[in-house]
Amino acid sequence: MKQEIKLTSAKWLVAKDSIIASSEKKDCVVYAIASSFDLDYDQAHAKVRMIFDRHDKKGTRTSNIVGKMKDMADTRESINGKFVREVIDQPTKTYHTYGKDVKRKNRVSTFIKEHTQGTYLILTSSHALTVKDGVMIDNITKGSGSKLINRAFKVEKVVTFQP
């Protein structure tokens, strides 16, 4: 029996009170940043414009996202008290078929089953979404679960130690 993916609408979660969101398009990265870093849509929109060089009503270049997210992981730069802990390039799963081990790129649905704890910003070939504690948070309500993952970024809270 096929297991259903739990889905939360990013539009409902982060953009319900946003005036900017109603006039935007090609903004999946804004929704993904908002839901990964616990921002509202308008805050995420400003961050994505500033950090990832996104222009209004246009998509964000994948190379900008990957480069800046890797920089953020290296420098431990935080957004809203959270930082990129880990960069997972092309997550794969090994299957044993016909007596051989074969590595295949993970689909979003497989990634969700294997990562039931934590927050991950996911990039596919032409889309961005969030997986948070095994739940997919996406501005598209159908079809994202079958997409192949190009990169995943683990997002965690900044922990400060008190002496």
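The present account deals with the structure reproduced in this document.

What counts as what
- Residues numbered from 1 in each chain as written.
- Predicted model: local features only at pLDDT ≥ 70, side-chain atom pairs only at ≥ 80, totals over all residues.
- Heavy atoms only, no water.
- Helix = DSSP H or I, 4+ residues; strand = E, 2+ residues; numbered from the N terminus.
- Rg over C-alpha atoms; globule rule 2.2 N^0.38 Å.
- Buried < 20%, exposed > 50% of the residue type's maximum accessible area, 1.4 Å probe, protein only.
- Contact = heavy atoms within 4.5 Å.
- Areas by Shrake-Rupley, 256 points an atom, 1.4 Å probe, with all protein chains shown as cover.
- Lys, Arg positive; Asp, Glu negative; His and termini not counted.
- Charge placed at Lys NZ, Arg CZ, Asp CG, Glu CD.
- Axes fitted to C-alpha atoms, helices over the stretch in contact; angles between N-to-C directions.
- Parallel < 35°, antiparallel > 145°, perpendicular 65-115°, else oblique.
- Left-handed = near helix turned anticlockwise from the far one by under 90°.
- Pairing = 2+ DSSP bridges.
- Salt bridge = Lys/Arg side-chain N within 4 Å of Asp/Glu carboxyl O.

Here we take up the overall build of the protein chain. Looking only at helices and strands, one finds six helices and nine strands in the protein chain. Over its C-alpha atoms the protein chain spans a radius of gyration of 16 Å, differing by no more than 12% from the 15 Å that the globule rule assigns to 163 residues. With respect to the three principal axes, the spread of C-alpha positions in the protein chain is 55 × 45 × 30 Å. Counting across all 163 residues of the protein chain, residues that qualify as buried make up 44%. For the protein chain, the share of sequence-separated contacts (at least 6 apart) that also reach a separation of at least 24 residues comes to 57%. By element, 49% of the accessible surface of the protein chain is carried by carbon and sulfur atoms, the whole surface being about 9,700 Å². Taken together, the 30 basic and 19 acidic charged side chains of the protein chain have centroids lying 6 Å from each other.

A word on the packing of helix α3 (residues 28-36) against helix α4 (residues 41-52). Where α3 meets α4, the closest approach of the two axes is 8 Å, and the angle between their N-to-C directions is 115°. Taken as axis vectors, α3 and α4 run roughly perpendicular relative to one another. At the point where α3 passes α4, the crossing takes the right-handed sense. Contacts from Val29, Val30, Tyr31, Ile33 and Ala34 of α3 reach α4 at Tyr41, Ala44, His45, Val48 and Phe52.

Looking now at the pairing of strand β7 (residues 128-132). Judged by how many residues are buried, β7 sits mostly within the fold: five of five residues are covered. Bridge analysis of strand β6 (residues 119-123) against β7 gives five bridges, and the strand direction is antiparallel. In the strand pairing of β7, Thr119 is matched with Lys132. Joining the antiparallel neighbours β6 and β7 is a turn of four residues.

Scanning the model with the defined rule gives nine salt bridges in all. A salt bridge links Asp38 to Lys82, with the nearest nitrogen and oxygen atoms 2.6 Å apart. Here the residue Asp38 occupies a position in the loop between α3 and α4, and Lys82 occupies one in strand β3 (residues 82-89), the gap between them amounting to 44 residues. For the salt bridge of Arg49 with Asp56, the shortest nitrogen-to-oxygen distance reads 3.8 Å. Here Arg49 falls in the partly exposed class, since its relative accessible area comes to 41%.

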